[in-house]
Amino acid sequence: MRVMRVDNLIACHECDLLHQKINTSATATARCVRCGAVLFRFRRNSLDRTLALSLAGLILFAIANMFPFLAFKFGTQVHQTVLLTGIKELYLQGWPGLAALVLLTTFLAPLVILLGLVYILLPLKFDYLPPRAMPVFRWVRCLQPWSMLEIFMLGLLISMIKLIKMAELVPGVALMALMALIFVMAATAVVLDPHLVWDKWELSL
Ligand SMILES: [Zn+2]
């Protein structure tokens, strides 16, 4: 009987079928034989690129939340807002559930993802896995579908089109930072190779 070593197996993330690891060319893509899901895809300089994008994302996140987001001009009156103003207004107007959902999808999820990635990938760059790296990485992966900055931006653009007839809108630096952050977050998800973390964790056991 042929015995397969556990550390030589890879499970499909879609259907759980176990496959034996084989040596392929470095740039090849490995797919599940049953459902066709991607088991492994080569991503060039994944660690460096994901780390650089995460650090850039944190800077953009800080700008998006610390600087003026939008200013509304009604005649001589100017009303300036920051990114979190909308969440506070939702809460004050009796929509605490909606305010919590917007807080999760536009603030907490992107922040935890970016901080978590820097926490894991910066030490990994020096070939070391920080304490509790796997629970943190699990949170990062769990929260990725909950980061919905692009949907927030879409809703915002629709509101801006409606409001433009009533007031003059002046976009702030935070709005530009948020737009850039949407692209940075999407790029981070694409270039991140989770096997970097999983393989290092397996070696540390
Ligand atoms: Zn599969």
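Fair warning: this is a prediction, and the values are worked out from it, not measured in the lab.

**What to know about the overall build of the protein**
- Along its length, the protein carries 7 helices and 7 strands.
- Along its sequence from the N terminus, the protein presents helices and strands in the succession β-β-β-β-α-β-β-α-α-α-α-β-α-α.
- Compactness check: the protein gives a C-alpha radius of gyration of 22 Å against a globular reference of 17 Å for 205 residues, more than 25% above the reference.
- Each principal axis of the C-alpha distribution contributes one length, and for the protein these read about 85 × 35 × 30 Å.
- For the protein, the residues scored as buried account for 34% of the 205 residues in total.

**Overview of the nonpolar core**
- Counting residues in hydrophobic clusters, the biggest one holds 38 residues, and the most contacted among them are Phe69, Leu121, Leu178, Leu181 and Val197.
- Among residues more than four places away in sequence, those in contact with phenylalanine 69 are Thr81, Val82, Leu83, Phe152, Leu156, Val170, Pro171, Gly172, Ala174, Leu175 and Leu178.
- One finds Ile10, Cys12, Cys32 and Leu39 within the second-largest nonpolar core, a separate group that totals 5 residues.

**Description of the environment of alanine 189**
- Positionally, alanine 189 belongs in helix α6 (residues 173-191).
- For the pair alanine 189 and arginine 44, spaced 145 residues apart in sequence, the C-alpha separation works out to 14 Å.

**Some remarks on the packing of aromatic side chains**
- What the rule picks out here adds up to 2 aromatic pairs.
- For the pair phenylalanine 61 and phenylalanine 107, a centre-to-centre distance of 5.3 Å together with 50° between the ring planes defines the contact as tilted. A residue pair is termed long-range when its members are at least 10 positions apart, and phenylalanine 61 in helix α1 (residues 46-66) and phenylalanine 107 in helix α3 (residues 96-125) qualify at 46 residues. Residues phenylalanine 61 and phenylalanine 107 agree in their burial class; the two are buried.

Criteria and thresholds
Residues numbered from 1 in each chain as written. Predicted model: local features only at pLDDT ≥ 70, side-chain atom pairs only at ≥ 80, totals over all residues. Heavy atoms only, no water. Helix = DSSP H or I, 4+ residues; strand = E, 2+ residues; numbered from the N terminus. Rg over C-alpha atoms; globule rule 2.2 N^0.38 Å. Buried < 20%, exposed > 50% of the residue type's maximum accessible area, 1.4 Å probe, protein only. Core = buried A, V, L, I, M, F, W, Y, C linked by side-chain atoms within 4.5 Å. Contact = heavy atoms within 4.5 Å. Phe/Tyr/Trp six-rings, centres within 6.5 Å; stacked < 30°, edge-to-face > 60°.

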